[in-house]
Amino acid sequence: MARINTQSVEDRSGILEEEDHMRGMERIGMEVISISRPFASVARVTGRIAPADPAPWMPPNQAVRIAVEEPEGQRPVVRVYTIRAFDPLRSEVEIDFVIHEDDSPAMRWLKSARPGTVLPMIGPRQHFIPLPSGDRRAAIFADETAIPAVYAILMAWPGGLKGSAWIETPDRAAFDELPRPDGVDLHLILRPAGVAPGSAQNLLQAAKALPDPQTWTVWAAGERVEMRDLRNHLRKAGVARTDLQVLGYWKKGMSSSDLDRARLAEYEALRARGLTLETLGDIDLPV
Ligand SMILES: Cc1cc2nc3c(=O)[nH]c(=O)nc-3n(C[C@H](O)[C@H](O)[C@H](O)COP(=O)(O)OP(=O)(O)OC[C@H]3O[C@@H](n4cnc5c(N)ncnc54)[C@H](O)[C@@H]3O)c2cc1C
């Protein structure tokens, strides 16, 4: 009998296949063209896709669920990554994988992937982007896993919008590669080698130093516990709920499969009450 893969998340009710969850996302394969190491902290996978319609892949900050393991008789093990760039003429996408030390499903996939490998994915899902309102400046707080999202967001930065971004990474080159649109100032928070990701609370400290917090619209993504603290701090400091988009991209010490189990349980409870995916307050889940 095949070994049980504990990273596979069961969807007994089939709720993840329903339209409220799928919302026009498609199942698609990405054929790996190349895997490069533009700098030490990142493996950049360039792949070819053949979407039914390229339009949904064009706006910045699209997320995809990639099937990094496909255990027999179980649902695939999936992980969420960002489409850093999409070239509609070549039908090519770029995904940056931040390298981390764990022997995890995504890292194992990366080690085994070669040109020609086909990666099944579901997507794209439009992820949040900074929401300018009135004359507010946009503040961005991002760790290294959110640099691909910030890259895509800055590449499409609307003229005239003012913003500031604080980026935490152990790798200066990952910061240096970011676009510098007019009106945006970028601040590098260089995490020293040997300090574990998600442990220094650097982004939280940067958020605490934000002058006149109630005058900003905020987009933040990074380690889940730090992001929840950052969100709570900014709420108390007077940032309106509608001016706050704070996302937990990963959780220190916990696999994404366990996070997905918690998300699924909450989503099932919401659906049972007749509510939809929008009402799922991900950052507030008790994980
Ligand atoms: C919307 C969204 C977009 C994302 N986009 C990207 C992206 O473009 N690039 C990217 O690299 N990541 C991105 N992430 C984060 C990525 O999904 C997680 O890092 C994921 O946990 C990686 O899966 P894994 O199989 O390697 O590790 P898991 O099996 O999920 O976790 C195993 C262990 O590794 C640790 N771990 C996971 N990620 C990291 C990390 N980055 N640093 C240190 N320890 C870690 C966990 O805490 C856990 O202890 C995104 C997440 C979301 C929700």
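Whatever comes next refers back to the structure up there.
The rules behind each value
- Residues numbered from 1 in each chain as written.
- Predicted model: local features only at pLDDT ≥ 70, side-chain atom pairs only at ≥ 80, totals over all residues.
- Heavy atoms only, no water.
- Phe/Tyr/Trp six-rings, centres within 6.5 Å; stacked < 30°, edge-to-face > 60°.
- Helix = DSSP H or I, 4+ residues; strand = E, 2+ residues; numbered from the N terminus.
- Buried < 20%, exposed > 50% of the residue type's maximum accessible area, 1.4 Å probe, protein only.
- Lys NZ or Arg CZ within 6 Å of the ring centre and 35° of its normal.
- Salt bridge = Lys/Arg side-chain N within 4 Å of Asp/Glu carboxyl O.
- Pairing = 2+ DSSP bridges.
- Axes fitted to C-alpha atoms, helices over the stretch in contact; angles between N-to-C directions.
- Right-handed = clockwise from strand over helix to strand, strands pointing away.
- Polar contact = N/O pair within 3.5 Å; in protein donor to acceptor, adjacent residues only side chain to side chain.

Peer 1: Even after reading the chapter, I still don't get the packing of aromatic side chains, so can you show me in this structure?
Peer 2: Describing an aromatic ring pair means giving the distance of the ring centres and the angle of the ring planes. Overall, the coordinates contain 5 aromatic pairs when judged by the stated rule. Consider the rings of Trp57 and Phe86, whose centres lie 6.3 Å apart with planes at 45 degrees: the pair is tilted. Of this pair, Trp57 sits in the loop between strand S2 (42-48) and strand S3 (62-69) while Phe86 sits in strand S5 (residues 85-87), placing them 29 residues apart in sequence. We classify Trp57 as buried; its relative accessible area is 1%. For Phe86, a relative accessible area of 16% corresponds to the buried category. An aromatic cluster is present here, built from Tyr81, Phe97 and Trp109 joined pairwise through their rings. Above the plane of the ring of Tyr151 lies Arg84, whose end atom (NZ or CZ) is 3.7 Å from the centre. One residue, Arg180, lies across the ring of Phe175, its end atom 4.9 Å from the ring centre.

Peer 1: Can you walk me through the pattern of salt bridges in this structure?
Peer 2: Pairs may arise between side chains of opposite charge once their charged atoms sit close together. For the structure shown, the criterion picks out 26 salt bridges. Overlapping salt bridges bring together Glu18, Asp20, Arg23, Arg271 and Glu278 as one network.

Peer 1: Got a minute to help me understand the sheet that holds strand S9 (residues 163-169) in this structure?
Peer 2: Sheets are built from strands that pair by backbone hydrogen bonding, the pairs being arranged parallel or antiparallel. What the 5 strands build is an open sheet, ordered S10-S9-S8-S11-S12; its pairing is parallel. Edge positions in the sheet fall to strand S10 (184-190) and strand S12 (244-250), since each of these pairs with one other strand and no more. For this sheet the average axis-to-axis angle between neighbouring strands, irrespective of direction, equals 10 degrees. The pairing of S9 with S10 spans 7 bridges and is parallel. By the bridge assignment for S10, Ser164 is matched with Asp185.

Peer 1: Looking at this model, I keep getting lost on the pairing of strand S11 (residues 216-223). Mind explaining?
Peer 2: Within S11, 8 of the 8 residues are buried, which leaves the element mostly enclosed by the surrounding structure. Of the strand pairs in this sheet, strand S8 (residues 137-142) and S11 are connected by 6 bridges, and their pairing is parallel. The residue bridging Ile140 from the neighbouring strand is Trp219, located in S11. Two elements, S11 and S12, share 6 bridges in a ladder whose sense is parallel. Within S12, the residue paired with Ala220 across the bridge is Val246. Regarding topology, helix H6 (residues 224-236) serves as the crossover connection from S11 to the parallel S12, and that connection is right-handed.

Peer 1: I keep staring at the side chain of Asp96 and nothing clicks. Help me out?
Peer 2: Of note, Asp96 is situated in strand S6 (residues 92-98). With a relative accessible area of 8%, Asp96 lands in the buried category. Reaching out from Asp96, the side chain makes a polar contact with the side chain of Arg44 at a distance of 2.7 Å. A polar side-chain atom of Asp96 sits 3.5 Å from a polar atom in the side chain of Arg84.

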